[in-house]
Protein chains: 2
Amino acid sequence: MNDFSAAQRSRVTMLDVAEHAGVSKASVSRFIGEDRALLSDAIASRIEQAISELGYRPNQMARGLKRGRTRLIGMLVADIRNPYSIAVMHGVETACRQHGYSLVVCNTDRDDEQERQHLALLRSYNIEGLIVNTLGHHRDELRELRQEMPMVLVDRKVEQLDSDLVGLDNPAAVEMAIAHLEERGYRDVLMVTEPYDGTSSRIERVSSFKAQVAQRPAFSGAVVETGGDLTARLNTFLQTPGPGPKALFCANGIAALASTHSLRELKCNLFEDVGLIALDDLDWYPLVGSGITALAQPTEEIGASAFECLLKRLRGDDGPVRTLDFSARLIVRGSTLGNLR
Amino acid sequence: MNDFSAAQRSRVTMLDVAEHAGVSKASVSRFIGEDRALLSDAIASRIEQAISELGYRPNQMARGLKRGRTRLIGMLVADIRNPYSIAVMHGVETACRQHGYSLVVCNTDRDDEQERQHLALLRSYNIEGLIVNTLGHHRDELRELRQEMPMVLVDRKVEQLDSDLVGLDNPAAVEMAIAHLEERGYRDVLMVTEPYDGTSSRIERVSSFKAQVAQRPAFSGAVVETGGDLTARLNTFLQTPGPGPKALFCANGIAALASTHSLRELKCNLFEDVGLIALDDLDWYPLVGSGITALAQPTEEIGASAFECLLKRLRGDDGPVRTLDFSARLIVRGSTLGNLR
DNA sequence: CTGTTAGCGCTTTCAG
DNA sequence: CTGAAAGCGCTAACAG
């Protein structure tokens, strides 16, 4: 039996420092806390030395227990293997660290039960705030938590949860995409989206798409979901005569991956038979065919603002709920050159 | 000023439950702990009811403080935007959850100072074990931590740190790659790796490569690092006559991404002018050119075993340090068809 | 089986 | 400016 538990117990504690420096625990506490100003130089430097000689590290658990401030932020992510989530999370984490907070990330794998468990978990660790990027079923748990701590939603809205929201200006992004396709001469557009599951951003993108298409009489637009039959559906789309040059509009990176797979299966000539524009900008977009045109989201920024939003609330801001919409940036590559057939 | 702090304080505590159920705190503690067997049915059910009526959630911070067991595992990741790390982390997290542990992930962004900070942080939260996937500079800090808790290294060894290690059988993987290239008729191979920074797996792959090449007289092999001049170097490689058909061997996903970019810049005909095999298997490999042949790592498994390793140690296993080497799996795609010129 | 009693490591009044 | 003392929420002997 190894004795890690013994090691754990034997860690140097505030009392050790106090004794070593010949002062009281209170002074040590003041030293490591915000109240260093209240200490005489003599005592402060004795403590400083004792700390470094002993290699003392304050125990955050204990601090948190007493003060109710753990300096911990929780983040609930639906799918950690989605590059968008990773990028946002990276932004959040960076911002956290800059402000002395740490991030506990929980991946729900799109599973409701895991969402519930993780919610309970985060709460039990006394996190101070929560960033949510999931479907937010378990509305009750979430609302309960919302009472206890500030919360900010990322990318997807949760019904009946009055919480700040940061994400993409979806209507504007979709319009940008459609306008670009139109300008390049495409007239027959198929939007590819992951299956409807209530994700608000997904819904917004699709409805904006429909609205945009409706405004353009010369345009034809339809929507399909990714899934087993995507290839067949794309094939139908490609075979069916339409009002003009065809293009795909992929609603996110996952859809772009699936669509490109299908197009290849169909032996499609990328991207001369069909155009393609995708939301999100993944690092491999330039590599396939003539390159995939993208609408990049400022993911890093989105993450950072999510944290800053939280921080404001933590600092006492009690204003009305805010929504932060960022703009997408168009990156034109070969997939929308438009020189079709 | 909102009153989250008040909310935090007002959370229902064990004492509330005890009073509500008319029992002692100790009984409640037994109920939520492992000692439920010691309670009479009558009391147990009273407590159970009180808990659900009050919506009580044990405070892990407090439990951790008292017991020295936080049920927290830390993971230090060098680059969270590397798909390999994500996949491993996903494996770790899944395993953690299955055993009632939670994972705190710290991303160092390949930055030594951040590594140091995060190490201090993890320690201050009393994590019970650590999974390390970084360069492990700050050896002193690491070794100190190693005294206090079990640790397992993933993918990269750290000098003078006697710790379990789980990763890929690099020599075998490299041999598999070279054998495959040879079989497909390639004779002139350039290995592309990220810059040398002491990463052990990187070093192993390169030295195995050199060893493999040395064993094959008909073979020519060289090594380049990714970086600003990669395109130029690849160009030189392609222009310089060699012993036969040329191929690239990318030592990981990042190198594969960079190399493919460069090949495109060079207007290379993917992959008829040059073959390509890459370690790691990323989701977009099938999409570029005729598809990139890959040596897939069992990342999910690697993550899971890393955690299981840790768990064994946590449970008291004090045996000698172990090394777990997983095997890569060859996935042949168009980039090594070999029908060159 | 159950309650009482000390703390875990730290912060925070409240008196000097 | 500094220290003593009282907990934060929970667990773990130790007695009943």
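Predicted, not measured: the structure shown is a model, and the values here were computed from it.

Novice: Before we go on, may I ask you to explain the packing of helix α9 (residues 170-183) of chain A against helix α10 (residues 200-214) of chain A in this structure?
Specialist: A pair of packed helices can be characterised by two numbers: the angle between their axes and the separation between those axes. All names here are of chain A. Between α9 and α10, the least distance of the axes is 9 Å, while the angle of their chain directions is 45°. Judged by the angle between their axes, α9 and α10 are oblique. The crossing of α9 and α10 is right-handed. Contact with α9, carried on its side by Asn170, Pro171, Val174, Glu175 and Ile178, involves Ser201, Glu204, Arg205, Ser208, Phe209 and Gln212 of α10 and no other residues of that element. Here the contact of α9 with α10 is built from residues that sort into four nonpolar, four polar and three charged.

Novice: When you look at the sheet that holds strand β6 (residues 188-193) of chain A in this model, what are you seeing that I'm missing?
Specialist: Each strand in a sheet pairs with its neighbour through backbone hydrogen bonds, running either in the same direction (parallel) or in the opposite one (antiparallel). All names here are of chain A. The strand order across the open sheet built from six strands is β7-β6-β8-β9-β10-β12, with neighbouring strands paired in mixed fashion. In this open sheet, the two strands that pair with only one neighbour each are β7 (220-225) and β12 (329-331). In this sheet, adjacent strand axes meet at a mean angle of 20° when their direction is disregarded. Across the face of the sheet, helix α12 (residues 253-265) comes into contact with β6, β8 (246-250) and β9 (275-279) while running at roughly 145° to β8.

Novice: In this structure, what is going on with the packing of aromatic side chains? I would like to understand it.
Specialist: Here a ring pair, both rings aromatic, is described through the centre-centre distance and the interplanar angle of the planes. Residue and element names in this part refer to chain A. Tallying each qualifying case throughout the model produces six aromatic pairs over all chains. Seen from their ring centres, Tyr101 and Phe307 are 5.7 Å apart, and the 65° between their planes marks the pair as edge-to-face. Taken as a pair, Tyr101 in the loop between α6 (83-98) and β2 (102-107) and Phe307 in helix α13 (residues 299-314) lie far apart in primary sequence, 206 residues in all. No difference in accessibility class separates Tyr101 from Phe307, as the two residues are buried. Here the basic side chain of Arg36 rests over the ring of Phe31, its NZ or CZ set 4.4 Å away from the ring centre.

Novice: What should I look at first to understand helix α2 (residues 14-21) of chain A in this one?
Specialist: Note on helix geometry: an α-helix contains 3.6 residues per turn, so any two residues three or four positions apart are oriented the same way. Residue and element names in this part refer to chain A. Along α2, the positions that sit buried rather than exposed are Met14, Val17, Ala18 and Ala21. All buried residues of α2 lie within an arc of 100° about the axis, which places them on one face of the element. Positioned one or two residues after α2, Gly22 has a phi angle of 70°, which is positive.

Novice: How do you make sense of the UniProt feature "domain: HTH lacI-type" (unreviewed entry) in chain A when you look at a structure like this?
Specialist: The feature "domain: HTH lacI-type" (unreviewed entry), as annotated in UniProt, sits at residues 12-67 of chain A in this numbering. Summarising residues 12-67 of chain A: 68% helix, 0% strand, and an end-to-end C-alpha distance of 21 Å.

Novice: What is the right way to look at the protein's contact with DNA strand C in this model?
Specialist: Residues in contact with DNA strand C amount to 25 residues; listed here are only the nearest, Met14, Lys25 and Arg63 of chain A together with Arg30 and Ser40 of chain B. Taking the atoms of DNA strand C that fall within 4 Å of the protein, sugar and phosphate contribute 60% of them. Within the backbone of Asn59 of chain A, a nitrogen or oxygen atom sits 2.9 Å from a phosphate oxygen of DNA strand C. Ser24 of chain B places a main-chain nitrogen or oxygen 3.2 Å from a phosphate oxygen of DNA strand C. Listed by contribution, the elements that provide at least two residues to the surface near DNA strand C are α3 (25-32) and α5 (60-67) of chain A together with α3 (25-32) and α5 (60-67) of chain B. Of the residues contributing to the surface near DNA strand C, the split by class is 12 nonpolar, six polar and seven charged.

Novice: Looking at this structure, I do not really get the interface of chain B and chain A. What am I missing?
Specialist: A common way to report how large an interface is uses the accessible area buried once the components associate. On the chain A side, the residues contacting the 68 residues of chain B number 68 residues. Along the contact surface separating chain B from chain A lie four salt bridges. In this structure, the salt-bridge partner of Glu300 of chain B is Arg81 of chain A, at a minimum N-O distance of 3.9 Å. Counting every contact that joins chain B to chain A gives 21 residue pairs in polar contact (both at pLDDT 80 or more). Listed by contribution, the elements that provide at least two residues to the side of chain B that touches chain A are α1 (4-9), α5, α6 (83-98), β2 (102-107), α7 (112-124), α8 (139-148), α12 (253-265) and α13 (299-314) of chain B. Looking at the side of chain B that touches chain A residue by residue, the class counts come to 26 nonpolar, 21 polar and 21 charged.

Novice: Explanation requested: the pattern of salt bridges in the structure shown.
Specialist: Pairing between side chains becomes possible if they bear opposite charge and their charged atoms approach one another. Using the criterion set out here, one finds 46 salt bridges over all chains in the structure. Glu194 of chain B is the salt-bridge partner of Arg110 of chain B, the closest N and O atoms lying 3.5 Å from each other. Of the two residues, Arg110 of chain B is situated in the loop between β2 and α7 and Glu194 of chain B in the loop between β6 (188-193) and α10 (200-214); the sequence distance between them amounts to 84 residues. With relative accessibility at 7%, the residue Glu194 of chain B sits in the buried group. One network of salt bridges, with partners in common, ties together Asp79, Arg110, Glu194, Asp197 and Arg202 of chain A.

Thresholds, definitions, all that
- Residues numbered from 1 in each chain as written.
- Chains lettered and ligands numbered in written order.
- Predicted model: local features only at pLDDT ≥ 70, side-chain atom pairs only at ≥ 80, totals over all residues.
- Heavy atoms only, no water.
- Axes fitted to C-alpha atoms, helices over the stretch in contact; angles between N-to-C directions.
- Helix = DSSP H or I, 4+ residues; strand = E, 2+ residues; numbered from the N terminus.
- Parallel < 35°, antiparallel > 145°, perpendicular 65-115°, else oblique.
- Left-handed = near helix turned anticlockwise from the far one by under 90°.
- Contact = heavy atoms within 4.5 Å.
- Nonpolar A, V, L, I, M, F, W, Y, C, P; charged D, E, K, R; others polar.
- Pairing = 2+ DSSP bridges.
- Phe/Tyr/Trp six-rings, centres within 6.5 Å; stacked < 30°, edge-to-face > 60°.
- Buried < 20%, exposed > 50% of the residue type's maximum accessible area, 1.4 Å probe, protein only.
- Lys NZ or Arg CZ within 6 Å of the ring centre and 35° of its normal.
- Arc of directions from axis to C-beta.
- UniProt positions renumbered as here; feature names shortened; annotations may be inferred.
- Near = heavy atom within 4 Å.
- Polar contact = N/O pair within 3.5 Å; in protein donor to acceptor, adjacent residues only side chain to side chain.
- Salt bridge = Lys/Arg side-chain N within 4 Å of Asp/Glu carboxyl O.

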